[in-house]
Amino acid sequence: MRTLHVFLFAISTLVPVASLAAQSAPSQPRAHAPLAVVGYVQAHDQTLSASRSPLGVSVAAAETIVFGHGSSVRLHFDRSELSKGSVLEIASLLDGATERLCPKDFVGGCASSAYFNGPAVRLQLIAGPGATASSVHVCRLAVGGGSWTPTSICGLSDDRLPAQHNAVCRMVIELGSTIGVCTGWLVNTSNGIATAGHCLDMPDLTGMVAEFNVPLSNADGSLVHPPAEHQYTYSPGTARFVNGGVGNDFGVFRVGPKFRIFPYARQGTRFTLAAPQKNVSCTRAGCGSADGVRNFALEAAIGDIDRVVGDEVRYRIDSSGGDSGGPVFRNGTVAVAVHTHSSCTVLFGTAFGTSAAHPTFASFVADLQ
């Protein structure tokens, strides 16, 4: 067994750990699917209305509390109309984090908020000078909750450690009535994100948020979300992916700006692509499940590439549900594979990824530029 080392790198790198020595993998690999469940989506029916404001200044015109009754809550709006100059302010009752939505955020009367920590948020309609009547209707809530047990640990112990990497994000995915998790990573100098194809091949995908600078979770494992400015909403129709199993599982998508800023402008780093090489040490990073505060927060571990067969990449590095889509990389930001599957056990098995040099994946990434 290798000596365990811990390093603290600059903001564009990670806090990695050493992993167990590689062993052969006779067992059948499996994807981390269905996605790890971290909450649920439920219908909601609550309206906040404000009448016309004759005043020449902005004024708080209406207020209400929306209860999600979970560890966090995200609001979806429909049939809403915010008058010119007015603002909807949303604030967590737990930590005071806020987000403001203006009329341009309500496309066709519809909009979605960021995720807020705690069981409830305060909504306040702030009417602009001389504003006409406004109303917002909350039609759906995404509520935090649920848990997941690690399933693909290589060896006797989980060797992953909490990590920091400005180019890696947690994907919080709404799938019908449930909420799942995958991992993504920036691949261009704007808003292009790479992940596993099976994280995007979801016919019931109704919404997704890519979260950067993810905090540690609560002691019970429930998610803690970063401030709203670090949460970017998936742009529907931008996903391109292949969900073809081991060695052929990859995808890309775009997110919209947050407060007019795209993620690269805030994060300041991205990954480039390179071909994987056998016996070269690499880091695998992801927001997989773990115990307590580590649950679905960013973690990383190190191991050697065991084998490269075509576009299939093998490595004996710990992973779990939620790690799917994360980067396998060297030198801080040189990605060599997309992590997708694992069959690790105490004595046998490996994790699997798709080569970053896969021609179709590389073309998808190039097209994002």
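Residues numbered from 1 in each chain as written. Predicted model: local features only at pLDDT ≥ 70, side-chain atom pairs only at ≥ 80, totals over all residues. Heavy atoms only, no water.

Turning our attention to the overall build of the protein. Scanning the protein for helices and strands turns up 3 helices and 24 strands. Dimensions of the protein, computed from C-alpha atoms along their principal axes, come out at roughly 75 × 40 × 35 Å. Within the protein, buried positions represent 56% of all 369 residues. As displayed, the protein offers around 14300 Å² of accessible surface, 56% of which is attributable to carbon and sulfur atoms. Across the protein, the mean location of the 25 positive side-chain charges is 5 Å away from that of the 26 negative side-chain charges. (Helix = DSSP H or I, 4+ residues; strand = E, 2+ residues; numbered from the N terminus. Buried < 20%, exposed > 50% of the residue type's maximum accessible area, 1.4 Å probe, protein only. Areas by Shrake-Rupley, 256 points an atom, 1.4 Å probe, with all protein chains shown as cover. Lys, Arg positive; Asp, Glu negative; His and termini not counted. Charge placed at Lys NZ, Arg CZ, Asp CG, Glu CD.)

Those residues of helix α3 (residues 359-368) lying buried are Phe361, Phe364, Val365 and Leu368. Across the axial projection of α3, the buried residues extend over an arc of 95°, all falling on one side. (Arc of directions from axis to C-beta.)

Applying the stated criterion across every chain yields a total of 15 salt bridges. Asp323 is paired through a salt bridge with Arg160; the nearest N and O atoms lie 3.2 Å apart. With Asp323 in the loop between β21 (312-315) and β22 (327-330) and Arg160 in the loop between β9 (134-144) and β10 (161-162), this residue pair connects regions lying 163 residues apart in the sequence. Judged by relative accessible area, Arg160 falls into the buried class, the value being 2%. (Salt bridge = Lys/Arg side-chain N within 4 Å of Asp/Glu carboxyl O.)

Within the structure shown, the criterion is met by 8 aromatic pairs. Following the ring pairs from residue to residue traces out a cluster consisting of Trp185, Phe250, Phe271, Phe329, Phe361 and Phe364. In this arrangement the basic side chain of Lys258 is found over the ring face of Phe259, its NZ or CZ atom lying 5.8 Å from the centre. (Phe/Tyr/Trp six-rings, centres within 6.5 Å; stacked < 30°, edge-to-face > 60°. Lys NZ or Arg CZ within 6 Å of the ring centre and 35° of its normal.)

Within the structure shown, the criterion is met by 2 disulfides. Put simply, Cys154 and Cys344 are joined by a disulfide, and their sulfur atoms are 1.9 Å apart. Taking the sign of the S-S torsion, about 75° here, the bridge from Cys154 to Cys344 comes out right-handed. Taken together, the residues span a long stretch of sequence, with Cys154 in the loop between β9 and β10 and Cys344 in the loop between β23 (334-342) and β24 (351-355) at a distance of 190 residues. (Disulfide = S-S within 2.5 Å.)

Attention shifts here to the pairing of strand β5 (residues 87-92). With 6 of its 6 residues buried, β5 lies for the most part within the structure. In β5, alternate side chains face the same way, and those of Val87, Glu89 and Ala91 on one face and Leu88, Ile90 and Ser92 on the other are all buried. As judged from the 4 bridges shared by β5 and strand β6 (residues 98-101), these two strands associate in the antiparallel manner. Directly across from Ala91, in β6, lies its bridge partner Thr98. Linking two consecutive strands that pair antiparallel, namely β5 and β6, is a turn of 5 residues; a positive phi of about 80° is found at Gly96 within it. (Pairing = 2+ DSSP bridges.)

Read from one edge of the open sheet, 4 strands run β3-β8-β5-β6, paired in antiparallel fashion. In this open sheet, the two edge strands, each paired with only one partner strand, are β3 (59-67) and β6. Averaged over all pairs of adjacent strands, the angle between strand axes in this sheet comes to 20°, irrespective of strand direction. (Axes fitted to C-alpha atoms, helices over the stretch in contact; angles between N-to-C directions.)

The tendency in soluble globular proteins is for nonpolar side chains to be buried side by side. Of all hydrophobic cores here, the largest spans 39 residues; its most connected members are Met171, Trp185, Ile193, Phe253 and Phe361. Among the elements of the structure, β11 (168-175), β12 (178-186), β13 (192-195), α1 (197-200), β14 (205-211), β17 (249-254), β23 and α3 are those that each provide at least two residues to this core. Ranked by residue count, the leading element in this core is β11, at 5 residues. (Core = buried A, V, L, I, M, F, W, Y, C linked by side-chain atoms within 4.5 Å.)

Before going further, it helps to spend a moment on a nonpolar patch on the surface. On the surface, Leu156, Val346, Leu347 and Phe348 cluster together into a nonpolar patch covering about 440 Å² of accessible area. Inspection of the secondary structure puts Phe348 in the loop between β23 and β24. (Patch = residues over 30% accessible without salt bridge, like charges linked within 9 Å, V, L, I, M, F, W, Y side chains within 5 Å.)

Atom-level detail of predicted coordinates should not be read off regions where pLDDT is low. Residue-level pLDDT values for the protein average 89, and 91% of them are 70 or greater. Residue range residues 1-33 is modelled with pLDDT below 50. Its contacts to residues more than four positions away, or to other chains, number 102 contacts. (pLDDT = per-residue confidence, 0-100. Contact = heavy atoms within 4.5 Å.)

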